[in-house]
There are 2 protein chains.
Amino acid sequence: MEENVRYADQNRRYLHERGVRMLNVVSSPGAGKTTLLLRSISDLKDRLSISVIEGDQQTTRDAERIALTGIRVVQINTGKACHLDAQMVGRALRELDLANGGILFVENVGNLVCPADFDLGEEKRIVMLSVTEGDDKPLKYPNIFASSDMMVVTKMDLSPYVDFDVKTCILNAKRLKPSLEIILTSAKTREGLAQWYDWLCPEGSKVLHR
Amino acid sequence: MEENVRYADQNRRYLHERGVRMLNVVSSPGAGKTTLLLRSISDLKDRLSISVIEGDQQTTRDAERIALTGIRVVQINTGKACHLDAQMVGRALRELDLANGGILFVENVGNLVCPADFDLGEEKRIVMLSVTEGDDKPLKYPNIFASSDMMVVTKMDLSPYVDFDVKTCILNAKRLKPSLEIILTSAKTREGLAQWYDWLCPEGSKVLHR
């Protein structure tokens, strides 16, 4: 654990020197991380330098989907491990050989428990929660929600068909972390995407320049 | 790990002596484990002795929902741990003080990675996968699918609204484990429930007698 903190600090320094914002994206399996990243890349890649580190237990499927967009992506397979750690990410950073500025998304292994304790050196942690998973998930997996800066609710297009109370979900999440930012999205209907992009690219930030 | 195997064998002997079938239910967070268990309990409890061990990182919400049905339930909170282990289950078994026969469901922590390596002493392992998670999940989390005896696909009622190809999913899962049994269900529309109950209560089995 102490070793992880050391590697995370190393990554943070490395990224800071290059002006790259690293965002650690965590969620359950199938919450829609890759889909929202693909949509964001396709909408933003002309005005923003984006790269991705993909974490999966096995397979390179998500990395292949991302690579089709033409941006740089590095796959990490964690084998039996249920999360990325800062050392793995450090190795991927060297492989990516990032230029100045832009955003680096780290798509963590689909898991609401293990990634909570592992700082990767990210600037912000984003937890994604799909409406099909239920509004009680912040209460049941408090560590991951309390350690995140942003909660992106995904698949809002499915909310008419499931029992998901947005207000309850927000209340549950804010109770754990009052400063948690929240955006409601659907990659399908584009709900909330403008707000998501504004958050990714704050006005006047370096990230708007390639 | 060796210690876990020893405790698992102890649990298996204990359950065998009492003729109780323990089923270890694993899935992602929000795949619908509790909902399908609640539906099954309500449909079967008059002809079958059922009890439940609930595993959650925190909260007793699921155990409270189960307790409302009037059956016996014990909650285990795993804190920071991402899975149940055989020793925790052994303690819960002593608390439940099971009579002869019936089914004991163990609802594991919502996680597709960690529970794979931990034998709890169960007779069968059931992995639940909701259609909203995507048909590629067996490929991405192979250990948990390969270590299961039954895959229950849940939330089939949502399949018109999501990109989930049942055939692809079955193919992906069977490639990992040719003997894997598969049932497609919806707790909402009751699709597949009769088949699920037949599997739970094979004809002539002791479990039909209280």
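See the structure shown above.
Please read these numbers as outputs of a predicted model, since none were measured by experiment.

Asks: When you look at the pairing of strand S6 (residues 150-154) of chain B in this model, what are you seeing that I'm missing?
Replies: Strand residues, when the strand is regular, have side chains that alternate between the two faces of the sheet. All names here are of chain B. Within S6, 5 of the 5 residues are buried, leaving the element largely enclosed by the surrounding structure. Here S6 shows a buried face lined by Met150, Val152 and Thr154 and a second buried face lined by Met151 and Val153. Here 5 bridges tie strand S5 (residues 124-130) to S6, and the two strands are oriented parallel to one another. Within S6, the position partnered with Ile126 by the bridge is Met150. When S6 meets strand S7 (residues 181-184), the two strands line up parallel, connected through 4 bridges. Among the inter-strand pairings, Val153 is bridged to a residue of S7, identified as Leu184. Note that the unit made of S6, helix H7 (residues 166-176) and S7 has a crossover that is right-handed.

Asks: What is the right way to look at the sheet that holds strand S2 (residues 50-56) of chain B in this model?
Replies: Strand pairing in a sheet is mediated by backbone hydrogen bonds. Such pairs are either parallel or antiparallel. Residue and element names in this part refer to chain B. Ordered in space as S3-S2-S4-S1-S5-S6-S7, the 7 strands form an open sheet in which the pairing is parallel. On the outer flanks of this sheet lie strand S3 (72-77) and S7, each paired with one strand and no other. Each strand of the sheet is rotated relative to its neighbour by a mean of 20°, with strand direction disregarded. Across the sheet, helix H8 (residues 193-200) is in contact with strand S1 (21-27), strand S4 (103-107), S5, S6 and S7; its angle to S7 comes to roughly 145°.

Asks: Can you walk me through the pairing of strand S5 (residues 124-130) of chain A in this structure?
Replies: All names here are of chain A. Counting buried residues in S5 gives 6 out of 7 residues, a clear majority hidden from the surface. Taken together, the 5 bridges between strand S1 (residues 21-27) and S5 define a ladder with parallel strand orientation. Bridging across to S5, Ser27 finds its partner in Met128.

Asks: Explain the environment of Ala86 of chain B to me, please; I cannot follow it from the model alone.
Replies: Residue and element names in this part refer to chain B. Among the structural elements, Ala86 can be located in helix H4 (residues 86-96). Along the backbone, Ala86 and Gly110 are 24 residues apart, and their C-alpha atoms lie at a distance of 17 Å. Apart from the residues within four sequence positions on either side, Ala86 is in contact with Asn4, Tyr7, Ala8, Asn11, Asp119 and Leu120.

Asks: Would you take a moment to explain the interface of chain A and chain B for this structure?
Replies: How big an interface is tends to be expressed through the accessible area that disappears when the partners come together. Across the contact, 33 residues belong to chain A and 33 residues belong to chain B. Between chain A and chain B, a total of about 3000 Å² is buried, with carbon and sulfur atoms accounting for 50% of that surface. The largest share of the area that chain A buries against chain B comes from Pro29, Gln57 and Lys140 of chain A, three residues that together contribute 20% of it. Where chain A touches chain B, the interface holds 8 salt bridges. A salt bridge links Asp56 of chain B to Lys140 of chain A; the nearest nitrogen and oxygen atoms lie 3.4 Å apart. Our count for the contact surface shared by chain A and chain B stands at 14 residue pairs in polar contact (both at pLDDT 80 or more). If you tally residues by element for the side of chain A that touches chain B, the top one is helix H5 (residues 137-140) of chain A, at 3 residues. Looking at the side of chain A that touches chain B residue by residue, the class counts come to 13 nonpolar, 9 polar and 11 charged.

Asks: So what exactly am I meant to see when it comes to the packing of aromatic side chains here?
Replies: For any two aromatic rings, the description comes down to two numbers: the centre-to-centre distance and the angle of the planes. Within this structure, the stated rule accounts for 3 aromatic pairs over all chains. Seen in terms of ring centroids, Tyr161 of chain A and Tyr161 of chain B are 3.6 Å apart; in terms of plane orientation they differ by 5°. Their pairing is stacked. Of this pair, Tyr161 of chain A sits in the loop between strand S6 (150-154) and helix H7 (166-176) while Tyr161 of chain B sits in the loop between S6 and H7, placing the two residues on different chains. Ring plane angle 10° and centroid distance 5.9 Å describe the contact between Trp196 of chain A and Trp199 of chain A, whose orientation is recorded as stacked. In this pair, Trp196 of chain A and Trp199 of chain A are both assigned in helix H8 (residues 193-200), 3 residues apart and thus about one turn of the helix distant. The exposure class assigned to Trp196 of chain A is buried, which follows from its relative accessible area of 0%. On the accessibility criterion, Trp199 of chain A (13% relative accessible area) is buried.

Rules used in this analysis
As a convention, each chain's residues are numbered from 1 in the sequence order in which they are written. A letter from A marks each chain and a number from 1 marks each ligand, given out in the order of writing. Only residues with pLDDT of 70 or above have their local features reported here, since the model is predicted, and side-chain atom pairs are shown and tallied only from 80 upward, although totals for entire chains, interfaces and linings are computed over all residues. Processing note: side-chain calculations cover all non-hydrogen atoms of the structure and skip hydrogens and water entirely. To sort residues, take the accessible area from a 1.4 Å probe on protein chains only and compare it with the maximum for the residue type: under 20% means buried, over 50% means exposed, and anything in between is partly exposed. Put simply, DSSP H or I for four residues or longer makes a helix, DSSP E for two residues or longer makes a strand, and each gets a number counted from the N terminus. Strands are labelled as partners when DSSP assigns at least two bridges between them. Look down the strands so they point away from you; if going from the first strand over the helix to the second traces a clockwise path, that crossover is right-handed. For helices, the fitted axis covers only the stretch in contact; all axes are lines through C-alpha atoms, and the angles between them, taken along N-to-C directions, range from 0 to 180 degrees. Two residues form a contact once any of their heavy atoms are found within 4.5 Å. The term buried area denotes the loss of accessible surface (1.4 Å probe radius) that occurs when two parts are joined, taken as the sum for both partners. By definition, a salt bridge exists where a carboxyl oxygen of Asp or Glu is found within 4 Å of a side-chain nitrogen of Lys or Arg. Polar contacts, as used here, are pairs of N or O atoms within 3.5 Å; protein pairs need one atom able to donate a hydrogen and one able to accept it. Residues neighboring in sequence count only if both atoms are side-chain atoms. Polar here means any residue other than Ala, Val, Leu, Ile, Met, Phe, Trp, Tyr, Cys and Pro, which are nonpolar, and Asp, Glu, Lys and Arg, which are charged; Gly is therefore polar. Stacked, edge-to-face and tilted are the three classes for Phe, Tyr and Trp ring pairs, Trp counted by its six-membered ring, which pair at centre distances within 6.5 Å; planes under 30 degrees apart are stacked, over 60 edge-to-face, the rest tilted.

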